[in-house]
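Fold and contact review
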Amino acid sequence: MSSSPALSARGSGLALLVVGLCWLAVLFDGLDMFIYGSVLPHMLEQKALGLTSGRAGDLGSYATFGMLVGALAAGTVADRIGRRKLMLSCVTLFSLASGLCAVSGGVAVFGLGRTLAGVGLGGLLPTAISMVSDYAPRGRAALTIGLLMTAHHAGGILSAYVALWIVEPLGWRAAFWVCVVPLLFVPVLLRYLPESLSFLLARGRTEEARALAGRYDVELPAAPAGRPATARWESLAGLFRGREWIQTLLYWLASFGGLLLVYGVATWLPTLMRGEGYELGSALTFVVLFNLGGIVGMLVAGRASDRFGAPRISAIWFALTAAGVFLLSVHMPLALTFAVVFLTGVFLNSAQTMIYATVSIGSAPAHRATAVGWTSGMGRFGAVFGPWLGGQLLAADKGDWGFTAFALAGLSSMVFIGVAALRTAAAGPAGPKLAPAH
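Every value quoted in this text rests on a predicted model; they were computed, and no experiment measured them. (Residues numbered from 1 in each chain as written. Predicted model: local features only at pLDDT ≥ 70, side-chain atom pairs only at ≥ 80, totals over all residues. Heavy atoms only, no water.)

Quick notes on the overall build of the protein chain
Along the protein chain, the regular secondary structure elements total 16 helices and zero strands. Burial statistics for the protein chain: of 438 residues in total, 61% are counted as buried. The contacts of the protein chain with a sequence gap of at least 6 include a subset with a gap of at least 24, amounting to 83%. Carbon and sulfur atoms form 68% of the exposed surface of the protein chain, whose accessible area is close to 16,100 Å². (Helix = DSSP H or I, 4+ residues; strand = E, 2+ residues; numbered from the N terminus. Buried < 20%, exposed > 50% of the residue type's maximum accessible area, 1.4 Å probe, protein only. Contact = heavy atoms within 4.5 Å. Areas by Shrake-Rupley, 256 points an atom, 1.4 Å probe, with all protein chains shown as cover.)

Below is the structure:
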């Protein structure tokens, strides 16, 4: 079996540069994504902008709706204009949108800011995943993606400390001003982030690709077979050719449940835990533990997925996630609750990421961003629904049911990605796991 063209481009310096810059970008992505959930208990307590639990859930869904739009658009746009340009645009957009939230005088402007931030956040993640996939060491693609995603959870940890250290003395607006700081990172990306070699070759920009390979002393990838992907919807159509539509739909359904769970928990964990009787400091400690678990889980799941297959690991992780989330609805001693939150973070966050790893590894480089972007984008429908659902349950004084609903979402994702894993295994070594099927 021939390897993906991008796998021949090996240069440790270039790989470290790309992964390092993408890691920092995703760190800021995580900070911006989690900051709302971290400051939400304070905003509700102060009745900032006239917030109620139901309205707060709506606002949480605005950001995830923006992420849906960003993710769906990003894949196709990245495959047309390049990963580098799109990453620059996304970081700029979500940074400026956070500034809009900071100066907002009402729910409408704040909601617009979160929606625009969501577009940037949704576009950045699949683009960064596609970029690091191009330069991942041979046989370590899932681990490299897992390493990249540790940045998202490092951003979540940072958001909790921003809430602890800044919100109390300076107010919730100061937290969103902190999220404008990534704008200073844009010139660094502009100066040092290279474009994907496989993208340049797919677009027929051979001389540019040759110059970039020479600058970093790496082997130029082989030109992709067939004509360049110039048609706007060609990459998307490739996801449904032959029997690929079955696998594509399974990934989309698994991503729906996974992101409902991820963003429902990310938005409401501090508030739900306060509802269980914990102080704000303890509730934010849960955010830190949850994201520390996410970092550990990314590394463990990435290594395990490179060995046993990403869809198989994702299915097991979702089952363990459902058990952990359900346990959070049970009153336990504080130390045991801390342990459950940490372990739930280990499995929840990496379960969803291994769906992306499965899709990314199984896609041709020229269409990878479209495949990952649409899997992420269709899952964003779940990300929109999760925060809204949590808000409605809290508004109806049924917070305990939130954990149960999120656990059921995890079980549904386990089923869909499990079926995908069985189909992958039945396809054999040349099946969807590694073959450039799109």
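Looking at the packing of aromatic side chains
Applying the stated criterion to the full structure yields nine aromatic pairs. Seen from their ring centres, W252 and W374 are 6.1 Å apart, and the 25° between their planes marks the pair as stacked. Of the two residues, W252 is situated in helix α11 (residues 244–275) and W374 in helix α15 (residues 368–395); the sequence distance between them amounts to 122 residues. Residue W252 is classed as buried on the basis of its relative accessible area of 12%. Among the aromatic residues, those joined into a cluster by ring pairs are Y36, F110, W172 and F176. Stacked on the ring of Y192, the Lys or Arg R191 has its end atom at 4.9 Å from the ring centre. (Phe/Tyr/Trp six-rings, centres within 6.5 Å; stacked < 30°, edge-to-face > 60°. Lys NZ or Arg CZ within 6 Å of the ring centre and 35° of its normal.)

Regarding the pattern of salt bridges
According to the stated counting rule, one finds three salt bridges in the structure shown. Between R210 and E207 there is a salt bridge, with its nearest N and O atoms 2.6 Å apart. Here R210 pairs with E207, and both are found in helix α9 (residues 206–216), just three residues apart, close to one helical turn. Judged by relative accessible area, which is 57%, E207 ranks as exposed. (Salt bridge = Lys/Arg side-chain N within 4 Å of Asp/Glu carboxyl O.)

Remarks on unusual backbone geometry
Unlike most non-glycine residues, K47 shows phi in positive territory, near 55°. Along the polypeptide, K47 turns up in the loop between α1 (12–46) and α2 (53–81). Given a relative accessible area of 60%, K47 falls into the exposed group. Even without being glycine, L49 reaches a positive phi, approximately 60°. The topology assignment puts L49 in the loop between α1 and α2.

As for the environment of Y62
The topology assignment puts Y62 in helix α2. Here the alpha-carbon distance between Y62 and L112, two residues 50 residues apart in the chain, equals 7.8 Å. For Y62, the contacting residues outside a window of four places in its chain are G111, R114 and T115.

Some thoughts on the side chain of N291
Note on placement: N291 falls in helix α12 (residues 280–308). Dropping the residues within four chain positions of it, N291 is found in contact with F34, H153, G156 and I157.

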